[in-house]
Amino acid sequence: MLSDISFSNIVRELKENKLSEGTKTQLVYLLSGVFIAINSYLIYKEFFWGIFIPLFIVVVFFFLFAYDKVLLLIIFVTPISVYFYNPELNVGISLPADPLMFGVMLLFFLKVIFDYKYDRKVLRHPITILIIINLVWMLVATIASQMHVVSVKYFLSRLWFVIPMFFVAIMFFKKYENIKKLFWYYGIPLIIVIVYTTFRHYSTGFAERTGTWVMKPFYNDHTAYGSVMAMFIPVFAGFLLMKEYKPWVRMLAFLMLSFMLMALVLSFSRAAWLSVAIGFGAFLIIIFRIKFRWLFMAAVVFVALFYTFRFEIIDYLSKNKQDSSANFVEHVQSIANISSDASNLERINRWQSAIRMFNERPLLGHGPGTYQFLYAPYQRSKEKTIISTNFGDVGNAHSEYIGPLAESGIPGMLTFLAIAIAVIYTGMKVYKRSRIKQVRIISLTVTLGLITYLAHGLLNNFLDTEKLSVPFWGFVAVLVALDLYHKDKPMEADSQA
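Each chain has its residues counted from 1, running along the sequence as written. Only residues with pLDDT of at least 70 are given local features in this predicted model, and only at 80 or more are side-chain atom pairs given and counted; all residues enter the totals for whole chains, interfaces and linings. Note that the side-chain values use all heavy atoms of the structure and ignore hydrogens as well as water.

## Some remarks on the nonpolar core
- Take the buried residues of types Ala, Val, Leu, Ile, Met, Phe, Trp, Tyr and Cys, join any two whose side-chain atoms come within 4.5 Å, and each joined set is a nonpolar core. Here's how the labels work: a residue is buried when its accessible area is under 20% of the maximum for its type, exposed when over 50%, partly exposed in between, all with a 1.4 Å probe on protein chains only. Ranked by size, the top nonpolar core spans 103 residues in total, and within it Phe166, Phe183, Tyr219, Phe236 and Phe472 carry the most contacts.
- Take this core: its biggest share by element is 14 residues, from helix H8 (residues 148-172).
- Note on contacts: a residue pair is in contact if any heavy atoms of the two residues lie within 4.5 Å. In this structure Phe183 touches Phe232, Val235, Phe236, Phe239, Ile442, Val446, Phe475 and Val478, once residues within four positions along its chain are discounted.
- In this structure, Ala354, Tyr371, Tyr375 and Ile402 belong to the second largest nonpolar core, which totals 9 residues. Strands here mean DSSP runs of E at least two residues long; helices mean DSSP runs of H or I at least four residues long; both are numbered from the N terminus.

Right, here's the structure in full:
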């Protein structure tokens, strides 16, 4: 059959953009024969990755002709991507999510350079301006870094998170129906991870200690796993209020919400539980329309009382000896244990080290991504815990705010804080001003999801991983898209997921 193929006819018909049925059949036989021959040779050479060649070709096709499908593919594979680390090259990569995002970033730059086209409304939006300022300052801090290779890799990874999931995603979200795809395309594979994790957890008797690692290799620990649940719980709760959905879709949303609530509890992540509580508090404030001045006055009173009774409060907290526990109530009580809980004390150790690093280089910081390599000498023996190391090689600063303070100086922290404030303000603006119920529900639930992460960011930082960067920047892109394109425009009821 291969001998019957006329290459000249195939080339001629390709040039004319007109393939006959016979030519299509010939192409299938040709490509199948080439693949079998190549893969047979690779298997003979004991290289077994050749079986993924067709998948690679399909992805390349999507990159060239169906850009939006690549974005959906990134969202879908992120929860099930697996991190691989090469100690010889000192390079880690999450497959397949990172290469896909890197490819989208490159195509975006090429398109902007050669087409000179990007929606200026997006570029003029306050959130976009703040993100660009944050990235520019991160570049400045990278140039001044004490570890240039580390900072360059960190800066590039931030670019390939932000470019696809914010700048490209906003264009994708110009079509309103695509907004909901972000939640479903991330949520469905997340349920697969939840089932896998819960089954492994069940095999160990749902022990609290095993609950910190059973989600591997998909999530590196229980805190990141719990943080994702906290972000998506408000969104799928909001879907239950959308009467535009068909009953079976709302039932699916209810089942997914139930799985996520179960996973949140079984994550034993106190920070995630606390972030959900803060998110629920924000929900009550919004629903009951509590004025900002009352919130401000309450905050002032709280700070004043804390400062007045700070010694008594610290003395009371130092008497809390409740460590982490499989008992829910005891585990919650351990949140305030700053006397013996190793996890809490280690966070304090990391924060103290980060502040000392900041004091040494307050403007430029030590360089993006460098904290985990440099904080060891800034530890104090009296602050170390049983999980501390002299080499300081067990992680980051455990804060989205204090970490940038050490790595990018005070401008790094302030620009991220400004992004957080602008995001919440934009979400509230869309919720209050839109007359479209769907838009109001999505803006509210997405804002609450972001509030849970920003609250969680006080105790942990995960924006250096794709697992949280994809939903975080995707949620931010949703709010900007709603603000620019959808809040004032009536739309037909969408009954599909």
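## Side note on empty space enclosed by the protein
- Points on a 1 Å grid over protein atoms alone make up a cavity when a 1.4 Å probe fits among them but cannot get out, and a pocket when they form an open set with protein on both sides within 12 Å along at least five of seven lines; lining residues each have an atom within 4 Å of a point. Grid points are joined across faces, edges and corners, and a volume is the space filled by probe spheres set on the points. What the rule picks out here adds up to 1 cavity of 30 Å³ or more.
- Along its surface, the largest cavity is lined by Thr197, Thr198, His201, Met215, Tyr225, Ala263, Leu266 and Ser267.
- Elements with a contribution of two residues or more to the lining of the largest cavity: helix H9 (176-203) and helix H11 (247-266).
- Sorting elements by how many residues they give to the lining of the largest cavity places H9 first, with 3 residues.
- Side-chain classes are defined by residue name, with Ala, Val, Leu, Ile, Met, Phe, Trp, Tyr, Cys and Pro counting as nonpolar, Asp, Glu, Lys and Arg as charged, and the others, Gly among them, as polar. The residue makeup of the lining of the largest cavity, split by class, is 4 nonpolar, 4 polar and no charged.

## Description of unusual backbone geometry
- Omega for the bond connecting Leu95 with Pro96 falls within 30 degrees of zero, at 5 degrees, which places this linkage in the cis form.
- In this structure, Pro217 follows Lys216 across a cis peptide bond, with omega equal to 10 degrees.
- Along the polypeptide, Pro217 turns up in the loop between H9 and helix H10 (222-239).
- One non-glycine residue, Phe206, lies in positive phi territory at about 55 degrees.
- Within the secondary structure layout, Phe206 lies in the loop between H9 and H10.
- Given the relative accessible area of 30%, Phe206 is considered partly exposed.
- Despite not being glycine, Arg289 shows a phi value in the positive range, around 55 degrees.
- On the secondary structure map, Arg289 appears in the loop between helix H12 (270-287) and helix H13 (292-308).

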